[in-house]
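# Fold and contact review
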Amino acid sequence: MSDYDAYLAGDRTDHVALYLSDSYVSDVDSLADRDDAERVGDGVVLVVDGERGRSVFQKITGMAAMEFGSTAMDNPGHVDADLVGGDCPDAEGGPEDHHAEFVFSFAEAQNEEVGGLYAEGDVIHAYVYCACGTAYSDKWVAGER
C-alpha cells in the first residue's frame, strides 16, 4: 500500500497530504519523482509528516497552512475522496473555471469523546484552493467515500 493510499485510509494521522495541480506548479514531474509523491490526475500528491508538510505547503504556495485552512473552513464545499478535486461552492461557469489548484489535507485520529463524526473513525480534513480563487473545505470519515 502506498503512503497516499494509507493516508486516505486514515493510517497516517501524523502526516499531511498535498495535492498540487499541473496548472499551479510549473514542474510537477520533478515533484512526482520524489519518494513521498504519487502522480494522480492532472497533478501530484505528496504525503509527508505533519510539520514538514506544513513547511512544504508554505514554500510552494506562499501561504501558511493553518491560515489557509481557517479561511477555507468558513466556506464548506465537497472535496473528492482522492483529494484531487471537488465541487467549488462558487461554481457558476463551466468546470474549466473550477478545478483544484491545490489541496492541503490532514487526518485526525478517531476521538469518541468529541463525538459526532470524530466518534465514527479517523477524520480527513481537506482544504481546496480553486482556480477561481475560492477556498473551501470538507471533512469525512476516512475510507467512507
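Refer to the structure above for everything that follows.
Everything in this summary refers to the structure shown in the same document. These numbers come from a predicted model, not from an experiment.

A few words on the environment of A17. Tracing the backbone shows A17 in strand 1 (residues 15-21). A17 sits in the buried class, given a relative accessible area of 1%. It is 19 Å that separates the C-alpha atoms of A17 and P76, two residues lying 59 residues apart in sequence. Apart from residues lying up to four places away in sequence, A17 is in contact with Y7, V45, L46, V47, L83, V103, F104 and S105.

Glancing now at the sheet that holds strand 6 (residues 100-108). An order of 2-3-1-6-7-8 is seen for the six strands of this open sheet, with the pairing classed as antiparallel. Unpaired on one side and paired on the other, strand 2 (37-40) and strand 8 (135-141) mark the two borders of the sheet. The average angle at which neighbouring strand axes cross in this sheet is 20°, direction not considered. Two strands pair when backbone bridges link them, and strand 1 and strand 3 (residues 43-49) are joined in this way by seven bridges, in the antiparallel orientation. The partner of L20 across the bridge, within strand 3, is V44.

Another point: helix 4 (residues 65-73). For helix 4, the set of buried residues is A65, F68, G69 and A72. Looking straight down helix 4, one finds that the buried residues subtend no more than 100° of arc, so they occupy a single side. Where helix 4 is buried, its residues meet helix 3 (50-61), strand 6, strand 7 (123-130) and strand 8.

This part is about the packing of aromatic side chains. Following the criterion strictly, the structure yields eight aromatic pairs and no others. Ring geometry for F68 and F102: centres 5.3 Å apart, planes at 55°, overall tilted. Taken together, the positions of F68 in helix 4 and F102 in strand 6 put the pair 34 residues apart, joining distant regions of the chain. By the burial criterion, F68 is buried, and F102 matches it.

A word on the side chain of S21. For S21, the location among the structural elements is in strand 1. Engagement of the side chain of S21 in a polar contact is seen with the side chain of S23, the distance being 3.0 Å. The residues contacting S21, other than those within four sequence positions of it, are V28, D42, G43, A100 and E101.

Let us now look at the environment of M66. Tracing the sequence through the fold places M66 in helix 4. Sequence separation of M66 and R145 is 79 residues, and the distance between their C-alpha atoms is 25 Å. Setting aside anything within four residues of it in sequence, one finds M66 in contact with R54 and F104.

Take the state of the cysteines next. Within this structure, the stated rule accounts for zero disulfides. Cysteine C130 is unpaired, with the sulfur of C132 as its nearest cysteine sulfur at 3.6 Å. Judged by relative accessible area, which is 1%, C130 ranks as buried. Of the residues examined, C132 reaches a relative accessible area of 36% and is grouped as partly exposed.

The rules behind each value
- Residues numbered from 1 in each chain as written.
- Predicted model: local features only at pLDDT ≥ 70, side-chain atom pairs only at ≥ 80, totals over all residues.
- Heavy atoms only, no water.
- Helix = DSSP H or I, 4+ residues; strand = E, 2+ residues; numbered from the N terminus.
- Buried < 20%, exposed > 50% of the residue type's maximum accessible area, 1.4 Å probe, protein only.
- Contact = heavy atoms within 4.5 Å.
- Pairing = 2+ DSSP bridges.
- Axes fitted to C-alpha atoms, helices over the stretch in contact; angles between N-to-C directions.
- Arc of directions from axis to C-beta.
- Phe/Tyr/Trp six-rings, centres within 6.5 Å; stacked < 30°, edge-to-face > 60°.
- Polar contact = N/O pair within 3.5 Å; in protein donor to acceptor, adjacent residues only side chain to side chain.
- Disulfide = S-S within 2.5 Å.

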